[in-house]
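Summary of structural features
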Amino acid sequence: MSLPFETETFPSQTRYRLRFIFSFLSFGILLIAMTIAVLYSRSSQEIHEQIRQDYQFALEQRRFIFTLTKELEETLSGLQRSPFLTRFLEMSTPATRQRLIELFLFTVEDHPDYMQVRYLDSKGNEVIRINQRKAGQAPQIVSDNGLQNKSGHSYFTRTMELPEGDFWRSDIDLNREKGRIEVPWQPTLRVAVSIFHNGRRRGIIIINMLLEPLLQRLVKSQKFTVFLIDYKGNYIYSVDPHLCWSVQLATGRNMLRENEMDALNLSEGRDIEVKGFYFNYVGKFLENSQHVFLVFKEKGEYLSRLQQVKNFTQLWMLFFLLAVSIPLAWVLSGYPLQLQRKLRDTVIRLQKFDIIIDRFVMVLHVEKDGRIIDATSAFRRQLKLDPDEVTGLHYANLFECAEKEIGQRNKGGLADILKAKELKGITGDGRSWWVTQTVSGEHNGEENFYTIILTDITQRKVVEKMAVTDSLTGVSNRMGIDNFLRGAFALAERNSTPFSFIIADIDFFKIVNDSLGHQAGDDVLKELAQIFRTQVRASDLVGRFGGEEFVFILLQTRSGGAVAFAGKLRQLVEDFKFSPGCPLTISFGVAQYHPGDTAESLLKRADSGLYEAKESGRNRVVFKDVQED
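We now turn to the structure provided with this report. (Residues numbered from 1 in each chain as written. Predicted model: local features only at pLDDT ≥ 70, side-chain atom pairs only at ≥ 80, totals over all residues. Heavy atoms only, no water.)

Okay, the overall build of the chain next. Counting its secondary structure elements, the chain contains 20 helices and 25 strands. Here the chain holds 629 residues, and the buried ones make up 41% of them. Of the contacts formed within the chain by residues at least 6 apart in sequence, a portion of 58% connects residues at least 24 apart. As displayed, the chain offers around 34700 Å² of accessible surface, 55% of which is attributable to carbon and sulfur atoms. (Helix = DSSP H or I, 4+ residues; strand = E, 2+ residues; numbered from the N terminus. Buried < 20%, exposed > 50% of the residue type's maximum accessible area, 1.4 Å probe, protein only. Contact = heavy atoms within 4.5 Å. Areas by Shrake-Rupley, 256 points an atom, 1.4 Å probe, with all protein chains shown as cover.)

Counted residue by residue, strand E22 (residues 541-546) has five buried out of six residues, so it is predominantly covered. Direction of pairing for E22 relative to strand E23 (residues 549-555): antiparallel, over a ladder of five bridges. Across the sheet, Leu541 pairs through a bridge with Ile553, a residue of E23. Between E22 and E23, which follow one another and run antiparallel, lie two residues, and Gly547 among them has a positive phi close to 60°. (Pairing = 2+ DSSP bridges.)

Bringing a nonpolar patch on the surface into the picture now. Taken together, the side chains of Phe353, Ile356, Ile357 and Phe360 define a hydrophobic patch exposed on the protein surface, amounting to about 440 Å² of accessible area. Inspection of the secondary structure assignment puts Phe360 in helix H10 (residues 336-360). Judged by relative accessible area, which is 64%, Phe360 ranks as exposed. (Patch = residues over 30% accessible without salt bridge, like charges linked within 9 Å, V, L, I, M, F, W, Y side chains within 5 Å. Salt bridge = Lys/Arg side-chain N within 4 Å of Asp/Glu carboxyl O.)

Another point: the pattern of salt bridges. Throughout the structure, instances matching the rule amount to 22 salt bridges. One salt bridge in this structure joins Asp507 and Lys614, with 2.6 Å as the shortest N-O distance. Taken together, the residues Asp507 in the loop between strand E21 (499-506) and helix H17 (509-516) and Lys614 in helix H20 (residues 599-615) connect sequence positions 107 residues apart. Residue Asp507 shares its accessibility class with Lys614, and that shared class is buried. Here Asp597 and Arg605 are joined by a salt bridge, their closest N and O atoms 2.7 Å apart.

Locating Met160 in the fold gives a position in helix H5 (residues 154-160). The spacing of Met160 and Gly203 is 43 residues in sequence and 7.1 Å in space, taken between C-alpha atoms. Those residues in contact with Met160, other than ones at most four positions away along the chain, are Ser122, Ser194, Arg201, Gly203 and Ile204.

Before going further, it helps to spend a moment on helix H2 (residues 68-80). The end-to-end C-alpha separation of H2 is 19 Å, in line with the 18 Å expected for 13 residues at 1.5 Å each. Looking only at H2, the buried set comprises Leu68, Thr69, Leu72, Glu73, Thr75, Leu76, Ser77 and Leu79. (Expected span 1.5 Å × (residues − 1).)

This next bit is on the packing of helix H3 (residues 83-90) against helix H4 (residues 94-110). One way to put it is that H3 packs onto H4 with a least axis distance of 9 Å and a crossing angle of 150°. In this view, H3 runs roughly antiparallel relative to H4, as classed from their interaxial angle. Viewed along their axes, H3 and H4 form a crossing whose handedness is left-handed. On H4, the residues touching Phe84, Leu85, Arg87 and Phe88 of H3 are Thr96, Arg97, Arg99, Leu100 and Leu103. Of the residues in the contact of H3 with H4, the class split is five nonpolar, one polar and three charged. (Axes fitted to C-alpha atoms, helices over the stretch in contact; angles between N-to-C directions. Parallel < 35°, antiparallel > 145°, perpendicular 65-115°, else oblique. Left-handed = near helix turned anticlockwise from the far one by under 90°. Nonpolar A, V, L, I, M, F, W, Y, C, P; charged D, E, K, R; others polar.)

With that out of the way, let us pick up the packing of helix H18 (residues 518-535) against helix H19 (residues 559-575). As a packed pair, H18 and H19 sit with axes 11 Å apart at the nearest point and diverge in direction by 140°. Viewed along their axes, H18 and H19 adopt a mutual orientation that is oblique. Taken as a pair, H18 and H19 cross one another with a handedness that is right-handed. On H19, the residues that touch Leu528, Ile531, Phe532 and Gln535 of H18 are Phe565, Lys568, Leu569, Leu572 and Val573.

Turning next to the side chain of Asn477. Within the element layout of this structure, Asn477 appears in the loop between helix H15 (458-467) and helix H16 (478-495). A residue is classified by how much of its surface remains accessible, and Asn477, at 17% relative accessible area, is buried. Within the local environment of Asn477, its side chain forms a polar contact with the backbone nitrogen of Met479, the two atoms lying 3.1 Å apart. Residue contacts for Asn477: discarding those within four places in its chain leaves Ala467, Val468, Thr469, Asp470 and Arg544. (Polar contact = N/O pair within 3.5 Å; in protein donor to acceptor, adjacent residues only side chain to side chain.)

The next thing to look at is the sheet that holds strand E20 (residues 449-456). On the basis of which strands lie adjacent, the open sheet formed by six strands has the order E16-E15-E20-E19-E18-E17 and antiparallel pairing. With one partner strand each, in any of the chains shown, strand E16 (372-375) and strand E17 (399-401) form the two edges of the open sheet. The average undirected angle you get between the axes of adjacent strands in this sheet is 35°. Direction of pairing for strand E18 (residues 422-426) relative to strand E19 (residues 432-440): antiparallel, over a ladder of five bridges. Bridge pairing in E19 places Ile426 opposite Ser432.

Here we come to the packing of aromatic side chains. A complete count under the given rule lists 20 aromatic pairs for this structure. Between Tyr237 and Trp245, the aromatic rings sit 6.0 Å apart at their centres with planes inclined by 70°, giving edge-to-face as the arrangement. Trp245 matches Tyr237 in its accessibility class, with the two residues each being buried. Ring geometry for Phe489 versus Tyr593: centroids 5.5 Å apart, planes at 90°, classification edge-to-face. Here the residue Phe489 occupies a position in helix H16, and Tyr593 occupies one in the loop between strand E24 (586-592) and H20, the gap between them amounting to 104 residues. Classification of Phe489 by relative accessible area gives buried; the value is 9%. (Phe/Tyr/Trp six-rings, centres within 6.5 Å; stacked < 30°, edge-to-face > 60°.)

The five strands are arranged E22-E23-E21-E24-E25 in an open sheet whose pairing can be described as mixed. With partners counted over all chains shown, the strands left at the sheet margins are E22 and strand E25 (621-623), one partner each. Averaged over all adjacent pairs, the angle separating strand axes in this sheet is 20°, with direction ignored.

Here it is in structure tokens:
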């Protein structure tokens, strides 16, 4: 006997699955509707957050302006402490003045953006002036007839009133010649410092820096219109030349007034966001009377592009949710409880591992453009940063390459950093630290971010450095010289590039030890090593070969440059007053690498040159070529 409605009865599993599918689809449709509503309501907020992130990134890219006056002050401090200036102040002779002129000339040559470097005495008379009107042109030493008295200029009087060690900084201004603004415009920043000797004020040193290239970099942006203004809203610089120099050219243009923000008070020197404008106060770094602000305003096309991306994302999400809901409901309906248990167990295990990794392993997630997404607390402890302070930092700004290969130098790019095996950085308490890194993630653009695992190797690096450093002088020891020389040979053979090898030996050093004692000899070696360290480039090496012998390895340098470099060192040593009070001279042997050379043959030629320099009277430089070998 058939039961009523028997043909319409479903198996219990089928009823359960259909019931689950219906519930899942109902919930999915409700979720889709709520998601769309939330996405629309959050769209403007997300766009604003994206703009803020891009603004922070753009500001980070312009961080070079923060160190502008600091770099000028460091240069002035170096000139202020120079022994050449001290000797000139002690004894003003043509010879000491010429040495000081050469120092100023070298400073301008080393800084193409310096328009002018001058020394004025306490009466405002120009004693030395080096001009460089355009980057790339040779600097000019102004003759005595061209030197002027500047005692009536405010930069002289104000600098002369400063305490010792303080700096005077000018406004960002247009350069003037004979009272008129120079054409074409020459944006200029001046920094000056008073010179004291034996407690007396002896004048000032002032540097005029050309700012046009830096300002162009500052305002160039694809996403933002960037302005440089003072605290009153007057334009200083913009990509639009009609907006530039509103005070200097008396155009009356004012950013605050033109954008109906007259009531905005910028005199307090705070970062402000108002009406879509982002005001970043950089006056705290420039420290002049303008109280400069860097202002960002998003471009219309950039804003439209963000809105299009958001709209596309919303439509794509809607389609995706609809396309996935039905098959997903069918698949999940068969084992929801089993899946839930597996997920729960997996989550618990992952949470335990995550806690361990977060505490003890330095792991970072980095976007393709180098910005850090997040990092474990083990990494943040090293930098002493909170989670929100780490997010958005650029990974390449935290480290520099520290490869062992000679010639490997970090250009600041993320690609170079990611390829490096060892990196060097600064911890949150100011200590240098070294790490090795393991980078995972596709490099063809398919992955959204890199995962980077860091291992602290600072202690190992300290031990390695001690092993290659001469304990007396602080320069490289014999092991360090041998390691560097092998690298120099490998680089020269791989790239077909030259390098030079120099041996230096102190003349009659035994007399110093015998007459003044070994402590005086050690002091001479230390002072001599300090002279050498200040002259070699970062890419080159100076080392103590043994006793009173020193070695120089100059990469990318031919014989002419090496001989000139040795001649410069020879003169510096001859002119230097060593603390034991004895005059010293030094002899040099120079050799240049040629294909087929070995360390023994190169050393033999340089040693032969040194021997010849000694035999021919000492205190000289002798170069030995292959043909003379």
